[in-house]
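# Summary of structural features
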Amino acid sequence: MIRRKKHVRRTLLLSLLASACCFPGYAGTNDISALTQESNSIEGILQNRKITGIVKDNFGPVIGANVSIKGTTIGAITDMDGKFSLNAPESGMLVVSFIGYTTQELSIKGKKEFIVTLAEDS
């Protein structure tokens, strides 16, 4: 039980640190309007589909893990239950990373749901 509490504290602390480092700030309104126009285009809507999943380790869900599509700006951070969802293209690589764990890359072609188990980095 004590080991579980330490793991939860460590996970929360690392997720807060990762969250603070990974959210880019937008300098001007031009950046935001360009992003909005790109995501609302017909091509963007037709080529994307929603994928969901859970990121966990040996102790349970990983809170604050980074989940992104390789080579794009599409990404999400896992919630308190280790769950994520994002709109992704039909093909590509899903990259899951978290401090202290090895990064995993998974093909998203033909898949809509993922269960990712991270291994500690030695």
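The model shown is predicted, which means the values in this text are computed figures rather than measured ones.

Cut-offs used in this document
- Residues numbered from 1 in each chain as written.
- Predicted model: local features only at pLDDT ≥ 70, side-chain atom pairs only at ≥ 80, totals over all residues.
- Heavy atoms only, no water.
- Phe/Tyr/Trp six-rings, centres within 6.5 Å; stacked < 30°, edge-to-face > 60°.
- Buried < 20%, exposed > 50% of the residue type's maximum accessible area, 1.4 Å probe, protein only.
- Pairing = 2+ DSSP bridges.
- Helix = DSSP H or I, 4+ residues; strand = E, 2+ residues; numbered from the N terminus.
- Core = buried A, V, L, I, M, F, W, Y, C linked by side-chain atoms within 4.5 Å.
- Salt bridge = Lys/Arg side-chain N within 4 Å of Asp/Glu carboxyl O.

Taken as a whole and judged by the stated rule, the model has one aromatic pair. Aromatic pair Phe98 and Tyr101: ring centres 5.8 Å apart, planes at 45 degrees, arrangement tilted. Here Phe98 and Tyr101 have matching classes, each one buried.

Another point: the pairing of strand β6 (residues 93-97). One ladder, built from four bridges, connects strand β3 (residues 66-69) with β6; its direction is antiparallel. Residue pairing in the sheet places Val67 in a bridge with Val96 of β6. Taken together, the four bridges between β6 and strand β7 (residues 104-107) define a ladder with antiparallel strand orientation. Looking across to β7, one finds that Val96 is bridged to Gln104.

Turning to the nonpolar core, a few remarks are in order. Counting 18 residues, the largest nonpolar core has Ile51, Val55, Phe84, Leu86, Leu94 and Leu118 as its most contacted members. Among the elements of the structure, β1 (48-57), β3, β5 (83-89), β6 and β8 (113-117) are those that each provide at least two residues to this core.

What follows concerns the pattern of salt bridges. Under the defined criterion, the tally for this structure stands at two salt bridges. With a shortest N-O distance of 3.3 Å, Glu90 and Arg49 are connected by a salt bridge. Of this pair, Glu90 sits in the loop between β5 and β6 while Arg49 is found in strand β1, placing the two residues 41 residues apart along the sequence. Since its relative accessible area comes to 45%, Glu90 is described here as partly exposed. Under the relative-accessibility criterion, Arg49 is labelled buried at 11%. Between Lys70 and Glu105 there is a salt bridge; the shortest N-O distance is 3.2 Å. Taken as a pair, Lys70 in the loop between β3 and β4 (75-77) and Glu105 in strand β7 lie far apart in primary sequence, 35 residues in all.

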